[in-house]
Amino acid sequence: MSALSTRVLFCDSSAISFPTAADEPTITNADTLHSLQLAARQLRARQPVAFPTETVYGLGALALDSTAAARIFATKGRPSDNPLIAHVSSLKMLHTLIPSSYALPRTYQVLMQHFWPGPLTLLFPSDPNVVPPILTANHPTVAIRMPSHPVARALIAITGAPLAAPSANSSGKPSPTRAEHVLRDLNGKIGIILDGGACDVGLESTVVDGLHPDGNLRVLRPGGVTVEDIARVLQENYTSDPPKVLVHSRDYADHQMEQAPTTPGMKYRHYSPAVPVTLLLTVTPPPATQKYYSNPLKIGVLSPTDSPLGQFDLNVEGIEWQRFYLGPMSDPSVTAQRLFDGLLTLEQAGVDLILIEEIDEAKEGLAVMNRVRKAASEHRYIRC
């Protein structure tokens with residue numbers, strides 16, 4: 001396949017709005033409207049387009065067109081058994097993807113009221129007459145979300161069709177949170193990148209399965225909406241016995257699903273730059289069979305600003321250090337926003353090794369550590 005000429009088109013998010021109860025956007029900037037129209041034309045021609053969401057930049061293609069969706073897999077080098085998430089711009093569009101007989105459960109109604117549009121993906125029964133198997137990896141369910149980023153939602157609305165949109169990067173690499181990350185990785189592979197600035201959340205969406213007979217919610221992938229926030233809104237909206245919120249691999253195991261996942265981010269190693277990544281376990285005590293690591297630390301360092309490692313004097317002769325701070329320990333949302341940017345920035349700086357300091361797995365920290373554990377090739381226990 002010959003290289004494409006990749007264009008980066010700026011979109012002014014502040015010029016896009018969705019009036020209350022409206023399914024179509026109002027766009028006040030002519031250049032932004034033109035960029036969105038060009039991208040929509042590319043999508044309708046079955047070609048992928050990169051665009052910003054509130055989580056990470058996505059590589060979008062028509063979700064209900066097998067040929068278009070296949071180009072996502074080819075561009076990313078993505079395994080075919082890794083399902084895609086469909087992105088919609090309205091509730092009306094959501095209902096085109098699911099069986100007409102399906103009634104939204106109360107749990108979903110509560111979550112959608114509080115977190116849609118936003119970084120929350122829900123698992124729904126799929127309408128096999130509409131949704132192609134390439135989107136679901138032949139599962140009877142389909143993962144769907146409504147993004148809150150104005151550029152993403154407007155692009156879907158102007159295209160007039162749901163978009164499949166995994167992260168806009170080569171499969172297995174850190175997800176891009178800026179247009180320049182996408183260009184560095186996919187330049188010559190796609191025609192258009194819409195530049196809407198840095199992503200606010202910085203990690204992929206939370207994926208929730210609420211289809212089990214027990215009525216409980218299962219978090220298949222932690223992400224932009226925290227488990228604590230999900231539990232809180234359920235508590236607020238149920239007078240008694242709210243559904244439980246169970247986190248995969250923390251509260252339960254499902255080995256069959258891990259081998260044939262219903263949602264992205266569960267089976268394959270992800271989020272790894274081209275240099276080795278070591279996770280420094282400063283919060284978790286080591287098992288009896290392992291010891292604390294005491295050798296000198298080297299090269300790229302990702303850590304909170306005010307952590308023991310963040311405040312450690314790295315002025316060691318003969319070692320070149322490159323720090324990337326992930327924000328204060330008290331605000332894991334900042335760490336989430338900066339994580340992928342840090343991995344990609346240190347990779348671009350030419351470091352030989354990246355060290356990431358462990359953070360507490362509360363709030364956004366759960367999603368951060370989910371990504372870090374997948375990115376790291378080894379773990380070292382450090383006494384601070």
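Definitions and limits used
- Residues numbered from 1 in each chain as written.
- Predicted model: local features only at pLDDT ≥ 70, side-chain atom pairs only at ≥ 80, totals over all residues.
- Heavy atoms only, no water.
- Phe/Tyr/Trp six-rings, centres within 6.5 Å; stacked < 30°, edge-to-face > 60°.
- Helix = DSSP H or I, 4+ residues; strand = E, 2+ residues; numbered from the N terminus.
- Lys NZ or Arg CZ within 6 Å of the ring centre and 35° of its normal.
- Buried < 20%, exposed > 50% of the residue type's maximum accessible area, 1.4 Å probe, protein only.
- Pairing = 2+ DSSP bridges.
- Axes fitted to C-alpha atoms, helices over the stretch in contact; angles between N-to-C directions.
- Contact = heavy atoms within 4.5 Å.
- Core = buried A, V, L, I, M, F, W, Y, C linked by side-chain atoms within 4.5 Å.
- Polar contact = N/O pair within 3.5 Å; in protein donor to acceptor, adjacent residues only side chain to side chain.

Undergrad: What should I look at first to understand the packing of aromatic side chains in this one?
TA: Note on aromatic pairs: each is described by the distance of the centres and the angle between the planes. Inspection of every chain in the model, using the stated rule, returns three aromatic pairs. On the numbers, 6.4 Å between centres and 90° between planes, the contact of Tyr-102 with Phe-124 is edge-to-face. Taken together, the residues Tyr-102 in the loop between helix H3 (91-94) and helix H4 (106-115) and Phe-124 in strand E7 (residues 120-125) connect sequence positions 22 residues apart. An aromatic cluster is present here, built from Tyr-102, Tyr-108, Trp-116 and Phe-124 joined pairwise through their rings. The residue whose ring lies beneath Arg-153 is Phe-18, and the NZ or CZ to ring-centre distance is 4.0 Å.

Undergrad: Help me understand unusual backbone geometry, please; the structure alone is not making it clear to me.
TA: In this structure, the amide linkage connecting Trp-116 to the following residue, Pro-117, adopts the cis form with an omega of -10°. With respect to the helices and strands, the residue Pro-117 is situated in the loop between H4 and E7. Although it is not a glycine, Ala-21 sits at a positive phi angle of roughly 70°. Looking at the secondary structure, you find Ala-21 in the loop between strand E2 (16-17) and strand E3 (26-27). Even without a glycine there, the phi angle at Ala-137 is positive, about 55°. Note on placement: Ala-137 falls in the loop between helix H5 (133-136) and strand E8 (141-145). By relative accessible area, Ala-137 is classed as buried at 15%.

Undergrad: What exactly am I supposed to notice about the sheet that holds strand E18 (residues 378-381) here?
TA: Whether parallel or antiparallel, the strands of a sheet pair through hydrogen bonds between backbone atoms. With respect to topology, five strands assemble into an open sheet ordered E16-E15-E17-E14-E18, the strand pairing being parallel. Sheet topology places strand E16 (322-325) and E18 at the edges, where each strand pairs with a single neighbour. Pairs of neighbouring strands in the sheet enclose a mean axial angle of 25°, with direction left out of account. Each of strand E14 (277-281), strand E15 (300-303), E16 and strand E17 (354-357) is contacted by helix H10 (residues 332-348), which is oriented at about 165° to E16, the strand it contacts most. Together, E14, E17 and E18 form the strand contacts of helix H11 (residues 364-375), whose direction differs from that of E14 by roughly 130°.

Undergrad: I would appreciate a short explanation of the pairing of strand E11 (residues 206-209) in the present structure.
TA: The side chains of a regular strand alternate between both faces of the sheet. Taking every second residue as pointing to the same face, both faces of E11 are buried, with Thr-206 and Val-208 on one and Val-207 and Asp-209 on the other. Examined bridge by bridge, E7 and E11 share three bridges and lie parallel to one another. Counted as the bridge partner of Leu-122 is Val-208 from E11. With three bridges connecting them, E11 and strand E12 (residues 217-221) associate as antiparallel partners. If you follow Val-208 over to E12, its bridge partner there is Val-219.

Undergrad: Would you mind going over the nonpolar core with me for this structure?
TA: The nonpolar side chains of soluble globular proteins are, as a tendency, buried together. Formed by 82 residues in total, the largest nonpolar core has its most connected members in Phe-124, Ile-144, Leu-194 and Ile-230. It is helix H6 (residues 150-159) that contributes the most residues to this core, six residues altogether. For Ile-144, the residues in contact, after removing those within four places along its chain, are Ile-85, Ala-86, Val-88, Leu-94, Leu-97, Ile-98, Trp-116, Leu-120, Thr-121, Leu-122 and Phe-124. In this structure, Leu-326, Leu-346, Val-351 and Ala-367 belong to the second largest nonpolar core, which totals 25 residues.

Undergrad: So what exactly am I meant to see when it comes to helix H2 (residues 66-76) here?
TA: Given 3.6 residues per turn, any residue in an α-helix points the same way as the ones three and four places further on. Within the span of H2, buried status applies to Ala-68, Ala-69, Ile-72, Phe-73, Thr-75 and Lys-76. The inward-facing, buried residues of H2 contact strand E5 (58-62), H5, strand E9 (163-164) and helix H7 (179-186). Regarding H2, its N-cap is Asp-65, as a side-chain oxygen of that residue lies 3.0 Å from the backbone nitrogen of Thr-67 further along. Directly after H2, the chain includes Gly-77, whose backbone phi takes a positive value near 70°.

Interpretation in functional terms is not warranted from these geometric data alone.
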